[in-house]
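# Commentary on secondary and tertiary structure
These are the residues of each chain, in order.
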Amino acid sequence: MVTVQCYCGAVRMELTGEPLAQFYCHCEDCQAVHGAAYLPAVMYRIPATRLVAGEPAYWKLKTTVRAFCRECGTRLYAEPPGLGIRSITALLLHQGLFKPTFHIQCQHALLPIKDTLPHFKGFPAMFGGSDEQVSW
Ligand SMILES: [Zn+2]
Ligand SMILES: [Zn+2]
């Protein structure tokens, strides 16, 4: 069991079991919402996540609902529509727990990230995508 919380501690969530996936997302939605080039994310099925303190506020820029703390503004997680999953901001994990295995939505990347992980142009096959990769 892993606990994540916003920076002020008002909202806490427990995560049970292994995540479905750990990755970096370069989509334009994450860029706009987080004001960042890309976002580290850890994905769980909704029933494997449990809010144990506080109640986040919800908001969406386009189609993906995003949860944040109404006190400190920390972005907690996103719920892409219809998938039954929560994509949690991996910055909230304790040091060393985030173990990314690929990059997604690299077609929108602001800059190439040169590492040894696969760089999917859109989504990998496990997310229903084409598995196509970019050259960097
Ligand atoms: Zn907070
Ligand atoms: Zn994204």
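Under an unreviewed UniProt entry, the name given to the protein is GFA family protein, and the organism recorded is Hyalangium rubrum. Here is the UniProt Sequence similarities (unreviewed entry) comment for the protein, exactly as written: "Belongs to the Gfa family."

## Focus on the overall build of the protein
Along its length, the protein carries 1 helix and 10 strands. Helices (α) and strands (β) of the protein occur, in sequence order from the N terminus, as β-β-β-α-β-β-β-β-β-β-β. Taking 136 residues into account, the globule formula puts the C-alpha radius of gyration at 14 Å, and the protein, at 15 Å, falls close to it. Dimensions of the protein, computed from C-alpha atoms along their principal axes, come out at roughly 45 × 30 × 30 Å. Considering only contacts within the protein whose residues lie at least 6 apart along the sequence, 53% involve residues at least 24 apart. Here the protein has roughly 7300 Å² of accessible surface; of this, 53% comes from carbon and sulfur atoms. Of the charged side chains in the protein, 12 are positive and 10 negative, and the gap between their average positions amounts to 3 Å.

What counts as what
- Residues numbered from 1 in each chain as written.
- Chains lettered and ligands numbered in written order.
- Predicted model: local features only at pLDDT ≥ 70, side-chain atom pairs only at ≥ 80, totals over all residues.
- Heavy atoms only, no water.
- UniProt positions renumbered as here; feature names shortened; annotations may be inferred.
- Helix = DSSP H or I, 4+ residues; strand = E, 2+ residues; numbered from the N terminus.
- Rg over C-alpha atoms; globule rule 2.2 N^0.38 Å.
- Contact = heavy atoms within 4.5 Å.
- Areas by Shrake-Rupley, 256 points an atom, 1.4 Å probe, with all protein chains shown as cover.
- Lys, Arg positive; Asp, Glu negative; His and termini not counted.
- Charge placed at Lys NZ, Arg CZ, Asp CG, Glu CD.

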